[in-house]
Amino acid sequence: MYYRVLVASQRYHKPEALTYESGETLHTGDVISVPLQQQNVVGVVLDSTTKPRFSVKPVTTILHPSAIDRQHLELLLWLQQYYPGPSGITTGLFLPSFLLGSSKQIPDNDTKLSSSSMFPGAPPLTAEQQKAIATIQKSAGHSVLLHGLTGSGKTRVYTELADTATAKGQSVVVMTPEIGLTPQLTKSFEQLGKAISVLHSGMTPKERRQIWHTIAACREPQIIIGPRSALFAPVKNVGLIIIDEMHDTSYKQEQSPHYSTPRVAARLAQLYDAKLVLGSATPPVADYYLFEVRKLPIVTMQKSAIKNTHPIQTDVVDLKDRTLFTSSPWISKPLLQAIEGALQRKEQSLIFLNRRGTARVILCQNCGWQALCPRCDLPLTYHADTHKAICHTCGYSQSSPTNCPVCQSTDILFKSAGTKSIASELARLFPSAKIKRFDSDLKKTERLDQNYQEILTGGADILVGTQMLGKGLDLPKLAVVGVVLADTTLNFPDFTAEERTFQALIQVLGRVGRGHTESSVIVQTHHPKSLLINYAMTNNYRAFYEEQLRERQKFHFPPYYHLLKLSCTRKTKVSAQRAAQALAEQLQLKSHDTEIIGPSPAFIEKGVSGYTWQIVIKARKRADLLRIIKVLPSNWHYDLDPSHLL
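Just so it is clear, the model here is predicted, and its values are computed rather than measured.

Moving on, we get to the overall build of the protein chain. Check the secondary structure of the protein chain and you find 16 helices and 27 strands. A compact globule built from 646 residues would reach a C-alpha radius of gyration of about 26 Å, and the protein chain, at 26 Å, matches this within 12%. Dimensions of the protein chain along its principal axes, counting C-alpha atoms only, are 80 × 65 × 50 Å. By residue count, 55% of the 646 residues in the protein chain fall in the buried class. Long-range pairs, those at least 24 residues apart, make up 75% of the contacts in the protein chain with a sequence separation of at least 6. Carbon and sulfur atoms make up 50% of the accessible area of the protein chain, which amounts to about 28,800 Å² in all. Taking the average place of the 72 positive charges on the side chains of the protein chain and the average place of its 54 negative ones, the gap between the two points comes to 3 Å.

What follows is the structure, given as structure tokens:
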């Protein structure tokens, strides 16, 4: 018997399925192991076929029968068309490579997940939450945008909707942008007493393989929690999909096939006739606009879920006023005073800086030499704990210089603070405080998800970290939020720079003011009178949104235009420039309904593989960009609907 099989392998780029032979009867959706180019890979059976004229290889083994249902198979085929890319990589989203590992026992189709123990009941729903739930459940379409301010109780709405779905015998997929948020989110859903599986990349391959098989075998309603990859878990009968913090950039796949999670989730919701809830306090401008134009439901929650009788004291500090920085070059007097007060009251402070490391610049004060990555030509970041200079783009590492390689001077300056230096500074200023730092430089045991319970119960006095601390955390003991530098992303040369800055500020400032205690917010910035800073401090999404629309319409950016980013990498700068120029000239002749910007050097021009140049194409119709992708030379890369142009 012969079968058409979609294989999951980076080596396989063709769109069509491959044919294999099996002595056993196979069925659509069976996950199998098959030989491909001298190695075994994972595959999924599409259907049976007639004996081909050419010789075929036999199926190696059946890994899991009927694991992938019809809806996920249709999603896979749609994904290959909507986000063109190598089919083996696209199939790999649904069939991760860890499935090839050995499992002691694959659960059978009657497997039931053990339900979590019941937690104490949740407080009564607020009137606003009740209205939001009723509106979502009554909405005729599949997609709903839940625009809820931080602290308005969006998670409670999620759990109520999940309770209704599972009671109907339907499964629920819940996505979060940060692995560190899974413990908090899991605890919220555990109150339902339903079967829950958590699946993410922080687990070992063995753990992920066993959970994947358990999800595939389960036929009862279940709740799957995880990052964007949870969308491709082999769950059956999906009735509800939730994307929490849907604005987060981690929902955009930066490698091929460059998909947008909300868009793919919308398609899966259509295939299942399920409900998709997109939750955010700061929805992306382009998505909000599309919901308004298409008259899709936007459910707004403006009030705190907990009656807040405690005032929030806000203060914007001008970084140019150095009289406020006599005790520390990075932390102002108002922020230090707020931290001191919180420590005396045995409350927590959160200090936010979206920069890792100890110092961002290593500079010779004698001749001006700067430590740059030999691969990327970007500044190396100094890490004092390891005495290493590291490139956060390609991972290059070297010992930190003690003298200048040009003039031999020992007058080396380490400037521009990162999270490590801020944590060290706070340890100097508050020696008795318990300080914890959270960023992507940490080991597994130091990560947020591994330390969530300790933080929740007050096991740290001061939290220092990057944007991972600004997403969705609800800490009852948190009283102070300090933003060391609000302008970190504002100066990036990209059309999303202002939006990202606004979103980051709203999210991190939303960690307080949740009714737990009196709270203070101190934002340090070089632009204290900026409209953007004002919009964020006053939580004025509408004003920010309307201003962004005016700018984007004027300069032809989403939501008014679709974008395609093309890039080529060559060994020399000259060859990269020539290749980009040649393609741009060809496109100018053939693409009459598009705007071609560039070519120009990529934001990170020099990398491990050479020099990268890019071309940006704008079009009113997405189909025009798909036609360009089909005729691209094989040594060009593309990102359709990019989240940024850097």
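This brings us to the pattern of salt bridges. For side chains of opposite charge, pairing can occur when their charged atoms come near one another. Inspection of every chain in the model, using the stated rule, returns 14 salt bridges. Note that arginine 428 and glutamate 425 form a salt bridge whose closest N and O atoms lie 2.9 Å from each other. Here glutamate 425 and arginine 428 lie together in helix α10 (residues 419-429), a separation of three residues that amounts to about one turn.

The next subject is the sheet that holds strand β20 (residues 435-438). Strand order in the open sheet formed by six strands is β13-β23-β22-β14-β21-β20, with parallel pairing between adjacent strands. Each edge of the sheet is formed by a strand with only one pairing partner; in this case those strands are β13 (312-318) and β20. Direction aside, the axes of adjacent strands within the sheet are offset by 15 degrees on average. Bridge count for β13 against strand β23 (residues 519-525) is seven bridges, and the pairing is parallel. By the bridge assignment for β23, valine 316 is matched with valine 523.

Of all hydrophobic cores here, the largest spans 113 residues; its most connected members are Leu95 and Phe189. Sorting elements by how many residues they give to this core places helix α7 (residues 261-272) first, with seven residues. In contact with leucine 95, not counting residues within four places along its chain, are Leu6, Ala8, Val31, Val42, Gly43, Val44, Ile68 and Trp212. In this structure, Phe325, Ile339, Val480 and Val484 belong to the second largest nonpolar core, which totals 24 residues.

Moving on: unusual backbone geometry. Going from proline 558 to proline 559, the amide bond is cis rather than trans, its omega being 15 degrees. Tracing the sequence through the fold places proline 559 in the loop between α14 (541-555) and β24 (562-570). Residue proline 599 is reached from glycine 598 by a cis peptide bond, and omega for that bond is 15 degrees. Along the polypeptide, proline 599 turns up in strand β25 (residues 594-607). Although it is not a glycine, glutamine 38 adopts a positive phi angle of roughly 70 degrees. If you trace the backbone, glutamine 38 turns up in the loop between β3 (31-36) and β4 (39-49).

Next up on the list: the sheet that holds β3. On the basis of which strands lie adjacent, the open sheet formed by five strands has the order β2-β1-β4-β3-β5 and antiparallel pairing. Edge strands, defined here as strands with exactly one partner in the open sheet, are β2 (18-21) and β5 (61-64). When the angles between neighbouring strand axes are averaged without regard to direction, this sheet yields 50 degrees. Packed onto the sheet, helix α6 (residues 205-217) meets β3 and β5 and runs at close to 80 degrees relative to β5.

A word on the pairing of strand β12 (residues 298-301). Burial of the side chains of β12 is restricted to one face: Val299 and Met301 are buried, whereas none of Ile298 and Thr300 on the reverse face is. Pairing of strand β6 (residues 143-148) with β12, which is carried by four bridges, proceeds in the parallel orientation. Bridging from a neighbouring strand, glycine 148 pairs with methionine 301 of β12.

Moving on, we come to helix α15 (residues 573-590). When the terminal C-alpha atoms of α15 are compared, their 26 Å separation across 18 residues agrees well with the 26 Å that a helix rising 1.5 Å per residue should span. Of the positions making up α15, those classed as buried are Ala576, Ala579, Ala580, Leu583, Ala584 and Leu587. Buried residues along α15 cover an arc of 130 degrees about the axis, so they all sit on one side. Those residues of α15 that are exposed and aimed more than 90 degrees away from the buried face are Arg578 and Leu589.

What follows concerns the side chain of lysine 565. Relative to the elements of secondary structure, lysine 565 occurs in strand β24. The side chain of lysine 565 is buried and forms no salt bridge, while aspartate 639, the nearest opposite charge, is found at 4.8 Å. At a separation of 3.1 Å, a polar atom in the side chain of lysine 565 contacts the main-chain carbonyl oxygen of leucine 646. Contacts of lysine 565, omitting those with residues within four sequence positions, involve Gln614, Ile615, His637, Tyr638, Asp639, Pro642, His644, Leu645 and Leu646.

Two elements in contact, helix α4 (residues 154-167) and helix α5 (residues 182-190), have axes separated by 9 Å at closest approach and are oriented at 45 degrees. Overall, the two elements α4 and α5 adopt an arrangement that is oblique. As α4 packs across α5, the resulting crossing turns out to be right-handed. Along its contact with α4, which presents Thr155, Tyr158, Thr159 and Ala162, the element α5 presents Leu185, Ser188 and Phe189.

Attention now moves to a nonpolar patch on the surface. A cluster of nonpolar side chains, namely Phe492, Phe603 and Ile604, defines an oily patch on the protein surface of about 240 Å² accessible area. Position of isoleucine 604 relative to the elements: it lies in strand β25.

With that settled, the discussion passes to helix α16 (residues 622-630). Because an α-helix packs 3.6 residues into every turn, residues spaced three or four apart end up facing the same way. Those residues of α16 lying buried are Arg622, Asp624, Leu625, Ile628 and Ile629. When α16 is viewed along its axis, its buried side chains cluster within an angular range of 155 degrees and face the same direction. Set apart from the buried face of α16 by more than 90 degrees, the exposed residues are Arg627 and Lys630. Check the buried side of α16 and you find it contacts α1 (70-82), β24, α15, β25, β26 (610-619) and β27 (637-640).

Conventions used here
- Residues numbered from 1 in each chain as written.
- Predicted model: local features only at pLDDT ≥ 70, side-chain atom pairs only at ≥ 80, totals over all residues.
- Heavy atoms only, no water.
- Helix = DSSP H or I, 4+ residues; strand = E, 2+ residues; numbered from the N terminus.
- Rg over C-alpha atoms; globule rule 2.2 N^0.38 Å.
- Buried < 20%, exposed > 50% of the residue type's maximum accessible area, 1.4 Å probe, protein only.
- Contact = heavy atoms within 4.5 Å.
- Areas by Shrake-Rupley, 256 points an atom, 1.4 Å probe, with all protein chains shown as cover.
- Lys, Arg positive; Asp, Glu negative; His and termini not counted.
- Charge placed at Lys NZ, Arg CZ, Asp CG, Glu CD.
- Salt bridge = Lys/Arg side-chain N within 4 Å of Asp/Glu carboxyl O.
- Pairing = 2+ DSSP bridges.
- Axes fitted to C-alpha atoms, helices over the stretch in contact; angles between N-to-C directions.
- Core = buried A, V, L, I, M, F, W, Y, C linked by side-chain atoms within 4.5 Å.
- Expected span 1.5 Å × (residues − 1).
- Arc of directions from axis to C-beta.
- Polar contact = N/O pair within 3.5 Å; in protein donor to acceptor, adjacent residues only side chain to side chain.
- Parallel < 35°, antiparallel > 145°, perpendicular 65-115°, else oblique.
- Left-handed = near helix turned anticlockwise from the far one by under 90°.
- Patch = residues over 30% accessible without salt bridge, like charges linked within 9 Å, V, L, I, M, F, W, Y side chains within 5 Å.

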